[in-house]
Amino acid sequence: MNDTLQYPVGSNEKSGRSHLMQVRVRLLQSALLVVFGIVTLRLIQVQIVQSAKYRQMAQKQYQSRIDLPAARGVLYDRSRNILATNSMFVSFAADPKLAAEDARAIAESFARVFNKPKSWYLDKLHSDSRFVWLERQVDQITAAKLDLRKLDGIVVRNEPKRLYYCGQVGGQLIGCTNIDNGGIAGLELQLDQVLRGVDGYVVFQRDGLGKARPSVDYPRVEPVNGNNVLLTIDIGLQAIAEKELKRGVEENHAERGIVVILQPKTGEVLALAQYPSIDPNLYGKYQPTDQRLRAVTDIFEPGSVFKIVTASAALEYNLVKPDRKFFAENGTYSVPIGNGKSRVITDAHKEGWITFQQAIEVSSNIVMAKISDIIGSERLYKTARDFGFGIPTNVEFPGEASGVLKKPMEWSGTTLNTIAYGYEVSVTPMQIAAAYGAIANKGLLMKPHLYTKIFNERGEVIQSVDPQPIRRIVSESTAKTLTDFFEGVVQRGTGKPAKIEGIRIAGKTGTSKKLVNGEYQGIYTASFVGFLPVEDPRLVCLVMMDNPQGVSYYGGTTSAPVFRSIIERIISSSDFFSPSPQSGNVMAADSVSTPAQSPTRQVTRVADNTVVCQDSAMIPDVRGYSIRQAMNVLAGIKFHPVVNGSGVVIHQSPEAGQKAKPGTRIILTCQPKTTAALSVN
């Protein structure tokens, strides 16, 4: 018998296949473990590490947050006339994913109503975003033409739109807002944080059919409306200043013009007029040069109105008496400046021996140059600085310029004399008006300001702005002497065109050549600044014209007549000036303009310059009026207009002829002029 072991045929092959199978199983197990590990790590990353991120992404799939815009606060003038407020308009947006099935129908509907190509809306509806604007700030009448009941994915949102009811009156001063009702210019920008308010929101959830419903898990957060601001501006004075300035600029063929009116005792700015003016409702259509409020943002070499500094220094340091005589060189004065060179100073009026006071009255550059040699650079610089030149006034307006006042160490051999009559120095019109206000206020400089109160929608005062003294520039006796000088300018000197019979006015003319490309050329800035009444000054008014090219370019013959016209119209068309218990003069201004639309309306003047209505007033008929006209009429009687739509008024509620108390809401329904004529009963 053979003891050798016998193996079945093919057993080695089977064993090899079994081993290979085991290897494959192990590899598969390893792969599964790796995959499981990766999945586990990914789950840890998604559910733990980045859970907040993915939770937010998930919420976006079925939740959306809709902002509830806050109503922007109202801007009032000092008499509580509305200058800027809001009207509710309708905006349309879409969720392109939810609106996908109805995109073509939506585009056709919007194209038909808004006269835009259908493709314009389809491009928006094919966006990858979950929110796109289709149309914004549509008036109620136009919005009603859209039938969106059978169209999915459309978001309808009520949005307040800023309306300016005074048109071009105060346009640069008030400024404007953007489409999101945020301030971008003027007082709207300066006071944006006060006026803006805080938006609220509501969270919507989509159900299985894609319909959006308010979420029960998130409370509705109501918006906090913006605060209201009571400005120092008198819109009546602003309108007068703008109208007379426009007339003056056109008559003198000037390029532009500026008027600043303020109260010297308080620093309250009553008017900041500019020509050309702009309509803040159409702000973006104007050139940047016309959008600026140049009384605050632009600087000029002032010319002879700057002689207030030279005269103040000479008197305050007791260096020159009013009756001291100087030789005015018969109009031409050659001044050595070293190295055998000299410069020539000229006067428009050729005078011989004249007193200091007479030199101010006839605006002698030559005498001012001689007096500056007596004063010296340090004293002259300090006085100019005390008046606030070279530093901003900090009036509440964006972009205020500081002006240019070089330090004495930077002066050349000619600077002392030329600064004495208003060259080699640059100022803003606001600085000049404030400086003359200081003399009118017995030597005390006040900070100019543009608002007096901030209050919420319930009428609760949040902030009050009190008059703020800056510093005493000169003594009361020096201020009195300077006032006598400036009154002489109007009575006997270069400012005679500003004279008004029966009213004592103090003022100063100024004419300066403009520096163009490093050279003084035949382009002028012509100015007149005055205050009145001399016995008890209540008003300072500066008129400035840029490059008058008529018969004359002097401040006395171009700007002084505009000053006179403004004051005459203020006296004749408003009660801003009333009898003063202190002086018996007819020119006190402790009160404000009273709207004259309702003869039965009784008013009482109170200390803070508000008007308190004692009786009800008759509601006027404003149908057929433009929105601006209707708002001015109703706000003037202290009613509260609420506007629906745009264009002209076709209906009002309550109706005209009824009596109502101040503050009553008058609902105005408006529509475009093309169809309004058919709707007004």
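Residues numbered from 1 in each chain as written. Predicted model: local features only at pLDDT ≥ 70, side-chain atom pairs only at ≥ 80, totals over all residues. Heavy atoms only, no water.

**Observations concerning the packing of helix α12 (residues 307-316) against helix α18 (residues 476-491)**
- Between α12 and α18, the shortest axis-to-axis distance is 10 Å and the interhelical angle comes to 135°. Relative to α18, α12 is oriented oblique. Two packed elements cross with a definite hand, and for α12 against α18 that hand is right-handed. Touching I308, A311, S312, L315 and E316 of α12 are T478, T481, L482, F485 and F486, all from α18.
- Here the residues of the contact of α12 with α18 sort into six nonpolar, three polar and one charged. (Axes fitted to C-alpha atoms, helices over the stretch in contact; angles between N-to-C directions. Helix = DSSP H or I, 4+ residues; strand = E, 2+ residues; numbered from the N terminus. Parallel < 35°, antiparallel > 145°, perpendicular 65-115°, else oblique. Left-handed = near helix turned anticlockwise from the far one by under 90°. Contact = heavy atoms within 4.5 Å. Nonpolar A, V, L, I, M, F, W, Y, C, P; charged D, E, K, R; others polar.)

**Overview of the packing of α12 against helix α15 (residues 377-386)**
- Across the interface, α12 lies against α15 with an axial gap of 9 Å and an inter-helix angle of 120°. If you check the angle between α12 and α15, you find them oblique. Remark: the crossing between α12 and α15 carries right-handed chirality. Together, V309, T310, S312 and A313 of α12 and R379, L380, T383 and A384 of α15 make up the contact between the two elements.
- Tallied by class, the residues present in the contact of α12 with α15 amount to four nonpolar, three polar and one charged.

**Notes on unusual backbone geometry**
- Note the cis peptide between L532 and P533, where omega equals -15°.
- When you line up the elements, P533 lands in the loop between β22 (519-532) and β23 (539-546).
- For the peptide bond that leads from S653 to P654, omega is 0°, which places it in the cis range.
- In this fold, P654 is placed in the loop between β28 (648-653) and β29 (659-660).
- With a phi angle near 60°, E329 is a residue other than glycine that sits in the positive phi range.
- Following the sequence through the fold, E329 ends up in the loop between β13 (325-327) and β14 (332-338).
- Looking at E329, the relative accessible area reads 23%, which means it is partly exposed.
- Of note, the phi angle at N330 is positive, near 55°, even though the residue is not glycine. (Buried < 20%, exposed > 50% of the residue type's maximum accessible area, 1.4 Å probe, protein only.)

**Looking at the confidence of the model for the chain**
- Across the chain, the average pLDDT comes to 83, with 84% of residues at 70 or higher.
- Between residues 674-681, whose pLDDT stays under 50, and residues either more than four places distant or in other chains, the model counts 10 contacts. (pLDDT = per-residue confidence, 0-100.)

**Some details on the pattern of salt bridges**
- For the structure shown, the criterion picks out 27 salt bridges.
- For R162, the salt bridge goes to E188, with nearest N and O atoms at 2.7 Å. You can see R162 sitting in strand β5 (residues 154-164) and its partner E188 sitting in helix α7 (residues 186-190), a full 26 residues away along the chain.
- For R292, the salt bridge goes to D298, with nearest N and O atoms at 2.8 Å.
- The partly exposed category is assigned to R292, whose relative accessible area is 33%.
- Three or more residues are tied together by salt bridges with common partners; here these are R72, R162, E188, D192 and R196. (Salt bridge = Lys/Arg side-chain N within 4 Å of Asp/Glu carboxyl O.)

**With respect to the environment of V198**
- Topologically, V198 is positioned in the loop between α8 (192-195) and β8 (200-206).
- Assessed through its relative accessible area of 52%, V198 is described here as exposed.
- Residues V198 and R72, 126 residues apart in the sequence, show an inter-C-alpha distance of 9.3 Å.
- When near neighbours in sequence (up to four residues on either side) are disregarded, V198 contacts A70, P223 and V224.

**With respect to the pairing of strand β19 (residues 461-464)**
- Taken together, the three bridges between strand β18 (residues 451-455) and β19 define a ladder with antiparallel strand orientation. Across the sheet, K453 pairs through a bridge with S464, a residue of β19.
- Connecting β18 to the antiparallel partner β19 that follows it, the hairpin turn spans five residues, and G459 within it adopts a positive phi of roughly 90°. (Pairing = 2+ DSSP bridges.)

**Notes on the packing of aromatic side chains**
- As enumerated under the stated definition, the model contains 15 aromatic pairs in all.
- Considering the side-chain rings of F92 and F110, the 5.6 Å spacing of their centres and the 85° angle between planes classify their relative orientation as edge-to-face. Here the residue F92 occupies a position in strand β3 (residues 82-94), and F110 occupies one in helix α3 (residues 103-114), the gap between them amounting to 18 residues.
- Taking the centre distance of 6.3 Å and the plane angle of 35° together, the rings of F387 and F389 count as tilted.
- Under the relative-accessibility criterion, F387 is labelled buried at 2%.
- An aromatic cluster is present here, built from F92, F110, F114, W120 and Y121 joined pairwise through their rings.
- A cation sits over an aromatic face here: R80 above F455, 5.2 Å from the ring centre.
- Between K116 and the ring centre of W120, over which it is positioned, the NZ or CZ distance is 4.2 Å. (Phe/Tyr/Trp six-rings, centres within 6.5 Å; stacked < 30°, edge-to-face > 60°. Lys NZ or Arg CZ within 6 Å of the ring centre and 35° of its normal.)

**Some remarks on the sheet that holds strand β12 (residues 269-275)**
- Pairing in this open sheet of five strands is antiparallel, and the strands run β12-β11-β23-β22-β21 from one edge to the other. Looking at strand neighbours, the two that pair on one side only are β12 and β21 (506-516), the edges of this open sheet. Strand-to-strand twist of the sheet, defined as the mean angle between neighbouring strand axes without regard to direction, takes the value 10°.
- On top of the sheet, helix α17 (residues 429-440) reaches β11 (256-262), β12, β21, β22 and β23; it is set at about 150° to β23, its chief contact.

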